[in-house]
Structures are given as C-alpha cells and as structure tokens.
2 protein chains.
Amino acid sequence: MPRPPSPLLDRPTIARAALAELDARETFTMPGLAKSLGVAVSSLYHHVKGREEVIELVRGSIAESMNSDVDWSGEWRECVAEWVRAYRNAFGAHPALVRVLTRQTVAAPGILASYDNLASALRDAGFVDSDLLHIITVLDTLALGSALDVAAPDDVWSTEGLAADSPLAVAVAAAPRGSERADAAFELGLGLILDGLERRRRPNHEGPSPRAS
Amino acid sequence: MPRPPSPLLDRPTIARAALAELDARETFTMPGLAKSLGVAVSSLYHHVKGREEVIELVRGSIAESMNSDVDWSGEWRECVAEWVRAYRNAFGAHPALVRVLTRQTVAAPGILASYDNLASALRDAGFVDSDLLHIITVLDTLALGSALDVAAPDDVWSTEGLAADSPLAVAVAAAPRGSERADAAFELGLGLILDGLERRRRPNHEGPSPRAS
DNA sequence: ACCTGAACACCGTTCAAGT
DNA sequence: ACCTGAACACCGTTCAAGT
C-alpha cells in the first residue's frame, strides 16, 4: 500500500502512540511504535528525524495538558505551588517518560511558555532578577525529582540487611507507602521551599508592577 | 586463550571500566565494555548476570567514595548539609551514571548505610519518626535532581523564541552559566530546606539520646 | 571456574522503489 | 509527498566447546 490518498500518519498521532507505548512498556522502540500504528518502521522517518524527535514530540504534548491547569491570577505563593503541582502531576502520571526526558534539552515551546509564566509570577512577587533562575531551578528540581519518586518501587529502600531498630528501618516503618509516601514528601518539600522563599522575599513589595503584561 | 591460570576479570574491575565508559561516552554497552577490557563479550557473563548488575556494581563503588566524606560528629544542620553535598558531588561527577541509575531500585549496601547515618542524625536532631522518611526523600530528591542539573547543557532553556524582555529571558540573562549556575541553585535549595526544617524541628530537644550508638 | 566464537532475536536508521 | 521492504551496523544474552 504505497502513498495512500490521505496520509496515515502525522506528528500528533505518533506522539500519542509513543506515550501509550511508554506507559505500557516502560520504554518505546521504533519498530514497536510502527507496529502499534499498523505501519512500516521506515514510514515514521517521513514525519520525524529519528527517535529523539519522537521524544521531544511527547514532551510538547504533555506541556500543553499542563499549561491549562494553572490559574495565574492570585497570590504568588498559590500560583507557584499550583505550577509545581501541575508540573509534577503531568509528568508524574508518565514516569517512564520522565526517565527518558532527563537525557535531553528542553526545546518544546509550550514548556518554555510555562516557565516564562512562572518567572513572571516570581518577579511580580518581588524577587530580584538575579535570583529568578535559581529559584526556578530549585522548583524544577523538586518537580522532576518528585515525578521520578512517584515511579519509585513501593519499597524504595530495601531494609532487609538492616537491624529492625536501625534509624532507617524505623523511619521506613513509620512512613506510609506508595503514592501516599511520595505525595507527602512532595508537599513537605514544596512547603519548606515556599516558606523559605517567603522569608527571603523583598520585604516591602506590594504587588505586580503596573506595566506587567 | 581459554581458562587462563589467573582470572582476567573480577567485579570491581568491571565496575571501574563501566564507569570510565559511561564518563567517556554518556552510555555503555556490553560489547564496548568487553573491548575496553580486552575480553570477549560472553566472558562478562561469568561475573555478572547482565547489564543491570553492572549498573548496580557501579552504584556501589560510588557509594563507598561518598561515605568517607561525611563527618557525623557536629551540629545536625551541618551534618545533613555535608551528607547532601557529598551525595550530590559523588553523583554529579558522573552525570551519565545518574541518568542510568534512576531506572533502578536502590540495593547497594553501602548506599543503605549512608541513608541510615542520615536517619540517625535527623532523629538525634529531634525530628519525629513519622517525618524522617519524608525529610530523607526531600533531601534525596534535591541531591539527585541537582546532580542531573550538573549534567544539563549550558543553556538549559533555549530563549531563542522568546522576547528579550520576557521574564524568562531576563532571568536567564541575569544568572551565571554552567556549573556556577547549578551550584548556586543547589545551595539555594539546600539552604531553603534546612532553614524550613530548623523551624519545624521539635523545639525543646537538647541533643542525641544517651543510648544512641 | 573461566574464557571463547557462533548464534539468536532484537535495535535505529537509510535508501531505492513504488504511486 | 508518503508508504514499503530490504539492508546495514549495531545491541544484550545464551550456549556448546575448550582447558
């Protein structure tokens, strides 16, 4: 079936199939992708340059789903918290994707727009320009690290070789398991960071500058 | 050359070669590893069960180098800071390894001992058992996320498509580059988290319990 | 026990050939 | 432009054969 009248493939379709493959099998391959789309492997290369571009496609599609979740009108602390939660949830829902993504540079425009919104909210909150990127990096580290943590096995630390009363074994026994554990740690980290930021904020700042878009 | 009088291979040697390969080429393959050791690929399988076990071997070897760096006698805040820094530096020096490691569970005993020391220091500092694992998870997320950040390209966010006065572009322009940027963000995050922990610590705690080992 | 070479079932990518 | 099948240079793993 060469050159069908209307194309069988397009980039969004490939992105969707790759994400589904990733969710189902923890990884994806070009042959697997082609098979799930009912198409020859070589056909994929008419729409993407290679496997890496497929990954970037998936990153972009996730970004869109996350942008719509954030409401930027409101107190800065709440905006930032919402952004980090949206980020962590969007990627936390696809842990295999996160592991694949950490190998590549951020290029998807949707993601960049999202970071731009965050930078804007922080600036309006009274943080100085020279601190902005460091704050963003810390929040990014938290969100991505926590998204990976969602994917962690139920028992992150194997306490088999430890004495039952060793501090680590006690700590593991006292904490919840699975997603409850990951959620609690994430909220703790987020709270600690936001509290610390609040205390370091330029004190006498009253709100967004008048010419902010 | 079958069955040489003294073995050509052992596990520590394999671990060293794998780390070198990882540092040099961002990834490692079993054929590449065998070649660098001057040995047939199939020989490796007499010492390790497969590629995954090689990775776990490397994790363990890094753990050892990190444990010796921490001095646990001192004020808790300094101990914890030292631990997180040692962690981040040990893995930050081998970014490709970090990306490979996030796919696997923690099993290396050296790493477990290190977490146990951390749990002990936190308990002595007055944190309650039910918070310990969440605190450890937050510190872990910071260290590992920051280690990945060390590996990030010089320009993490491509500002090409953005207006020069967009908040993100301004933030990028105002921040240092490369390892200086990653270091500053790491220290900011660590400071924020430790400050927040200090304020949430059980207030009237005076030091390690007498029967602490 | 420890090394080898050959074999197996995979990968990602390219390319001439079709319409 | 868009799909195909065949080919290429790789992977990780297994296994019978050697000493």
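Scope of this entry: the structure provided in the associated data block. (Residues numbered from 1 in each chain as written. Chains lettered and ligands numbered in written order. Predicted model: local features only at pLDDT ≥ 70, side-chain atom pairs only at ≥ 80, totals over all residues. Heavy atoms only, no water.)

1. What to know about the overall build of chain A
Across its full length, chain A carries ten helices and zero strands. Put simply, chain A runs from its N terminus to its C terminus through helices and strands in the order α-α-α-α-α-α-α-α-α-α. Its C-alpha atoms give chain A principal-axis dimensions of roughly 70 × 60 × 25 Å. Put simply, of all contacts in chain A between residues at least 6 apart along the chain, 67% involve residues at least 24 apart. Total accessible area computed for chain A in this model is approximately 10200 Å², and 52% of it derives from carbon and sulfur atoms. (Helix = DSSP H or I, 4+ residues; strand = E, 2+ residues; numbered from the N terminus. Contact = heavy atoms within 4.5 Å. Areas by Shrake-Rupley, 256 points an atom, 1.4 Å probe, with all protein chains shown as cover.)

2. Observations concerning the pattern of salt bridges
Residue and element names in this part refer to chain B. Tallying each qualifying case throughout the model produces 21 salt bridges over all chains. One salt bridge in this structure joins E78 and R85, with 4.0 Å as the shortest N-O distance. Here D149 ties to R181 by a salt bridge, and the two come within 3.1 Å at their closest N and O atoms. Remark: R181 occurs in helix α10 (residues 178–200) and D149 occurs in helix α8 (residues 129–150); sequence separation between them is 32 residues. Classification of D149 as buried rests on a relative accessible area of 13%. (Salt bridge = Lys/Arg side-chain N within 4 Å of Asp/Glu carboxyl O. Buried < 20%, exposed > 50% of the residue type's maximum accessible area, 1.4 Å probe, protein only.)

3. What about the packing of helix α8 (residues 129–150) of chain A against helix α9 (residues 167–174) of chain B?
Where α8 of chain A contacts α9 of chain B, the axes come no closer than 7 Å and their chain directions differ by 100°. Considering their axes alone, α8 of chain A and α9 of chain B lie roughly perpendicular with respect to each other. On the side of α8 of chain A, the interface is formed by D129, S130, L132, L133 and I136 of chain A, while α9 of chain B contributes P167, L168, V170, A171, V172 and A174 of chain B. Residue composition of the contact of α8 of chain A with α9 of chain B, by class: nine nonpolar, one polar and one charged. (Axes fitted to C-alpha atoms, helices over the stretch in contact; angles between N-to-C directions. Parallel < 35°, antiparallel > 145°, perpendicular 65-115°, else oblique. Nonpolar A, V, L, I, M, F, W, Y, C, P; charged D, E, K, R; others polar.)

4. Some thoughts on the protein's contact with DNA strand C
Inspection of the region around DNA strand C gives 23 residues, with P31 of chain A together with L8, S42, S43 and H46 of chain B positioned closest. A breakdown of the atoms of DNA strand C within 4 Å of the protein gives sugar and phosphate a share of 53%. The contact in question runs from a phosphate oxygen of DNA strand C to an N or O atom on the backbone of M30 of chain A, over 2.7 Å. Elements represented by at least two residues in the surface near DNA strand C include exactly α2 (30–36) and α3 (41–44) of chain A together with α3 (41–44) of chain B. When its residues are assigned to classes, the surface near DNA strand C shows 13 nonpolar, seven polar and three charged. (Near = heavy atom within 4 Å. Polar contact = N/O pair within 3.5 Å; in protein donor to acceptor, adjacent residues only side chain to side chain.)

5. Looking at the relation of the copies chain B and chain A
Copies of the same chain, two in number, are related to each other by a rotation about an axis and a translation along it. Note on the identical chains: chain B maps onto chain A by a rotation of 180° and an axial translation of 0.0 Å, with an RMSD of 0.1 Å. Such a turn and shift between the copies fits a two-fold axis. Most of the interface of chain B is mirrored in chain A, where 100% of its interface residues again form contacts. (Least-squares fit on C-alpha atoms with pLDDT ≥ 70 in both.)

6. Thoughts on the interface of chain B and chain A
Between chain B and chain A, the contact holds 57 residues from the first and 57 residues from the second. Carbon and sulfur atoms supply 70% of the area that chain B and chain A bury against each other, a total of about 5100 Å² over both sides. If you sort the residues of chain B by the area they bury against chain A, L133, W157 and L192 of chain B come out on top, with a joint share of 14%. Across the contact surface, chain B and chain A share two salt bridges. In this structure, the salt-bridge partner of D195 of chain A is R200 of chain B, at a minimum N-O distance of 3.0 Å. The interface formed by chain B and chain A includes six residue pairs in polar contact (both at pLDDT 80 or more). Only α6 (95–101), α7 (109–124), α8, α9 and α10 of chain B provide two or more residues apiece to the side of chain B that touches chain A. When residues in the side of chain B that touches chain A are grouped by element, the largest group, 16 residues, is from α8 of chain B. (Buried area = accessible area lost by both parts, 1.4 Å probe.)

7. Considering the packing of α8 of chain A against helix α10 (residues 178–200) of chain A
If you want to describe how two helices pack, look at the angle between their axes and the distance between the axes. Residues and elements named next belong to chain A. Two elements in contact, α8 and α10, have axes separated by 9 Å at closest approach and are oriented at 170°. Comparing the axis directions of α8 and α10 gives the class roughly antiparallel. Contacts between α8 and α10 pair I135, V138, L139, L142, S146, D149 and V150 from the former with R181, A182, F186, G189, L190, I193 and L197 from the latter. Residue composition of the contact of α8 with α10, grouped by class: ten nonpolar, two polar and two charged.

8. Quick notes on the nonpolar core
In this structure, V84, F91 and L122 of chain A together with V84, F91 and L122 of chain B are the most contacted members of the largest nonpolar core, which totals 134 residues. With residues up to four places along the chain from it excluded, the contact list for L122 of chain A reads W76, V80, F127, L132, I135 and I136 of chain A. (Core = buried A, V, L, I, M, F, W, Y, C linked by side-chain atoms within 4.5 Å.)

9. Comments concerning the side chain of E21 of chain B
Residue and element names in this part refer to chain B. Within the element layout of this structure, E21 appears in helix α1 (residues 11–25). Summary of buried charges: E21 has no salt-bridge partner, and the nearest side chain of opposite charge, R25, is 4.0 Å away. Beyond its immediate sequence surroundings of up to four residues, E21 is in contact with E26, T27, F28, T29, G32, L33 and S36. (Lys, Arg positive; Asp, Glu negative; His and termini not counted.)

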